[in-house]
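Chain by chain, the residues:
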Amino acid sequence: MAEFAVQRRYPRFPIKLPVLYKVLEPKAGKPGVGWTRDLSEGGACLELADRLETSTVLWVLLRSDLGGLELTGRIAWVGKPAAGQGGVAHGVSFEKVGPNQQEALRKLLMQHKVQLRQEGVRVPLEISVRCQPKEG
């Protein structure tokens with residue numbers, strides 16, 4: 001999986017969205033569901049219940065507050081099932097993204113970038129505090 005991280009052209013963002021998918025190639029399959037772990041303009045890490053093979057072509061429907069976004073992608077890598085999480089990670093590279101799809105994907109990413117900025121980063125901190133009454 002590490003070699004794909006070096007080849008990425010687009011930054012990925014930790015965005016969790018519900019996903020519907022259907023295998024198109026090599027052999028059409030039944031629909032399935034999953035989640036995004038992260039998302040970029042060029043691809044996503046999808047957590048799927050079933051383990052699919054690399055090079056499998058998928059129809060993917062990303063669901064968000066902005067509506068549904070249909071894309072076609074090819075599985076670039078397949079991870080191992082995460083302990084306690086139940087799904088199998090799949091790296092998907094989007095293919096044949098049209099101008100309308102690209103714009104919708106950018107809007108989706110922009111919406112989540114703003115939310116991430118507003119939420120900020122929280123770091124756990126443990127400090128000692130001493131309280132005493134103010135002399136008046």
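The structure presented is a predicted model; accordingly, all values stated were derived computationally and were not measured.

(A) Representation of the sheet that holds strand β5 (residues 67-81) in the model. On the basis of which strands lie adjacent, the closed barrel formed by six strands has the order β1-β2-β3-β6-β5-β4 and antiparallel pairing. Sheet twist, expressed as the average angle between the axes of neighbouring strands with direction ignored, equals 45°. Of the pairings in the sheet, the one linking strand β1 (residues 18-25) to strand β4 (residues 57-64) comprises six bridges and is antiparallel in character. Each bridged residue has a counterpart across the sheet, and for K22 the counterpart in β4 is W59.

(B) Geometry of the pattern of salt bridges. One pass over the full model with this rule turns up five salt bridges. Its salt-bridge partner being E47, residue R37 comes within 3.1 Å of it at the nearest N-O pair. You can see R37 sitting in strand β2 (residues 31-39) and its partner E47 sitting in strand β3 (residues 43-48), a full 10 residues away along the chain. The partner of R74 in a salt bridge is E95, with the nearest N and O atoms 2.8 Å apart.

(C) Quick peek at unusual backbone geometry. Here the residue pair E25 and P26 is connected by a cis peptide bond, since its omega of 10° sits within 30 degrees of zero. Take P26: it is sitting in the loop between β1 and β2. Here S55, not a glycine, exhibits a phi torsion of approximately 75°, which is positive. Counting through the fold element by element, S55 comes out in the loop between β3 and β4. Judged by its relative accessible area of 45%, S55 falls in the partly exposed class.

The rules behind the values
Residues numbered from 1 in each chain as written. Predicted model: local features only at pLDDT ≥ 70, side-chain atom pairs only at ≥ 80, totals over all residues. Heavy atoms only, no water. Pairing = 2+ DSSP bridges. Helix = DSSP H or I, 4+ residues; strand = E, 2+ residues; numbered from the N terminus. Axes fitted to C-alpha atoms, helices over the stretch in contact; angles between N-to-C directions. Salt bridge = Lys/Arg side-chain N within 4 Å of Asp/Glu carboxyl O. Buried < 20%, exposed > 50% of the residue type's maximum accessible area, 1.4 Å probe, protein only.

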